[in-house]
Amino acid sequence: MGPPVLAGLPRTSVIVVGAGAFGGWSALQLLRKGAKVTLLDAWGPGNSRASSGGETRVIRTTYGPERLYTQMAVRALQLWRENEQRWNLKLFFRTGVLWMAGTTDDSYERAAMPLMKEAGVRFEKLSSADCSKRWPQINFDDVSWSVHEPDSGYLAARRGCEAVLNAFLKEGGEYRQTKAIPRPVANNRMQGITVTSGEILNADSYVFACGPWLGKVFPFLAPMIIPTRQEVFFFGTAAGDLSFTEEQLPVWIDNGKRLFYGIPGNHWRGFKIADDTRGPVIDPTSMERQISTEGLAAARMYLRLRFPALADAPLVESRVCQYENSTDQNFVLDRLPEAENVWVVGGGSGHGFKHGPVLGEMVGDAVLGLKGPPKELGLSRLLKSSSS
Ligand SMILES: Cc1cc2nc3c(=O)[nH]c(=O)nc-3n(C[C@H](O)[C@H](O)[C@H](O)COP(=O)(O)OP(=O)(O)OC[C@H]3O[C@@H](n4cnc5c(N)ncnc54)[C@H](O)[C@@H]3O)c2cc1C
């Protein structure tokens, strides 16, 4: 079934560039709000270079003092669940999320709880003694206490992007695999985009959701949205050992001296561990995606401390991905200053995937003039800080 069309009114046409978590959901939500939408991607939704291209992504509501993201995560989870039901697909895995507070500073966790309560999230505050009893596989040394969110978990990432594209096509959207280059701006409006074949495509509005490529597409954004190299490791457990699967362990995030996090199970890929520390700046097109010996050694050292039974577990898979960091780690959703028909959405900064459906709603409302985006996501804050 296509989107509702009001008799006599032409549908607003929108071209969305980028079919990752942000662009795919933006295209789908724009379509559902009545626009005629064309979605373009250079390599395809959740491709190996894309930031949305991993196996799994955490969805949690523990967000420190950030009311906006706490509320967005709650709405996003609701939308993921509604849509997976609609598509008869499993994309959300309710494993629970355990957020561990470090011993030197627990202000992030303390600030999170009132906002989670306000947003109606179920959670428990657990001592490390409580946690050790419940999850004896984890060594809670250097953890002061933890927040457990029983209703959160993880999302299937690249499969999620593919599911969004399939829904978009089924609901009447058009998709093309092609590179898009913005054409010049005249009279405060961009004059279409050029695609790989040389053809020029035109629409009423354009949304650029190019993830880590945003600074390449619009060079003025390069100092504000910076891609950094991130490594992810999957370790193998013993044959038949169920104690490190998602039935027995939640997703965990360890906010210690360095933030490590992981997802057990992962569609049988192994026990996933990643270090959230920002790596070197990279080019997402040409980076060779091989893990570093230092990265692997750090992951192993961490494993030895926190999951001692896995100290000698073999590495069974790995991925090299990137975060597209805005300078303040907040997302961007705004119009281009010099072109009123162009919107950019990005700056996921290592926590964007879960928010795809809700950012998509915001993009739909903003582009169609129904509701302005949250001011926290505006470009002016980044422009100000990059010129100061
Ligand atoms: C290792 C790792 C772990 C993460 N963990 C989490 C997590 O646990 N929870 C969470 O919520 N988030 C997490 N994130 C962050 C999250 O994955 C990203 O914020 C999110 O996927 C960004 O989506 P995007 O659509 O902006 O970018 P992308 O997924 O990169 O999509 C951009 C798309 O644009 C296309 N494109 C670019 N330029 C052009 C062009 N000129 N023409 C046509 N197409 C173009 C690309 O091909 C790409 O498909 C993690 C990220 C990484 C790397």
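Before reading further, recall that the structure is shown in the block above.
Scope of this entry: the structure provided in the associated data block. (Residues numbered from 1 in each chain as written. Predicted model: local features only at pLDDT ≥ 70, side-chain atom pairs only at ≥ 80, totals over all residues. Heavy atoms only, no water.)

**Here's the deal with the nonpolar core**
Note on soluble globular proteins: their nonpolar side chains tend to be buried together.
For step 1, the next point in the chain: Counting 71 residues, the largest nonpolar core has L30, V207 and L359 as the members making the most contacts within it.
For step 2, the next point in the chain: Top contributing element to this core by residue count: helix α2 (residues 67-87), with nine residues.
For step 3, the next point in the chain: With sequence-adjacent residues up to four places away left out, L359 is seen in contact with F22, M72, F331, L333, V345 and L377.
For step 4, the next point in the chain: Core analysis: the next-biggest nonpolar cluster, separate from the first, contains 25 residues, I15, M190, V344 and L382 among them. (Core = buried A, V, L, I, M, F, W, Y, C linked by side-chain atoms within 4.5 Å. Buried < 20%, exposed > 50% of the residue type's maximum accessible area, 1.4 Å probe, protein only. Helix = DSSP H or I, 4+ residues; strand = E, 2+ residues; numbered from the N terminus. Contact = heavy atoms within 4.5 Å.)

**Side note on the pairing of strand β2 (residues 36-41)**
For step 1, the next point in the chain: Of all six residues in β2, five are buried; the element is thus mostly enclosed.
For step 2, the next point in the chain: Inspection of the sheet shows strand β1 (residues 13-17) paired to β2 by five bridges, in the parallel sense. Across the sheet, residue I15 finds its bridge partner in β2, namely T38.
For step 3, the next point in the chain: As paired strands, β2 and strand β9 (residues 174-177) are joined by four bridges and run parallel to one another. Within the sheet, the bridge partner assigned to T38 lies in β9 and is E174. (Pairing = 2+ DSSP bridges.)

**Some thoughts on the sheet that holds β9**
For step 1, the next point in the chain: Across the sheet, six strands lie side by side as β9-β2-β1-β15-β22-β21; this open sheet has mixed pairing. Either end of the sheet is taken by a strand with one partner, and the two such strands are β9 and β21 (332-336). Between one strand axis and the next, the sheet turns by 20° as a mean value, whatever way the strands run.
For step 2, the next point in the chain: Sheet topology places β21 next to strand β22 (residues 339-346); five bridges connect them, and they run antiparallel. The partner of D334 across the bridge, within β22, is V344.
For step 3, the next point in the chain: Along the sheet, helix α1 (residues 21-32) contacts β1, β2, β15 (205-208) and β22; its crossing angle with β2, the most-contacted strand, is approximately 165°.
For step 4, the next point in the chain: In the packing of helix α5 (residues 157-170) onto the sheet, the strands contacted are β2 and β9, and the crossing angle to β9 comes to about 130°. (Axes fitted to C-alpha atoms, helices over the stretch in contact; angles between N-to-C directions.)

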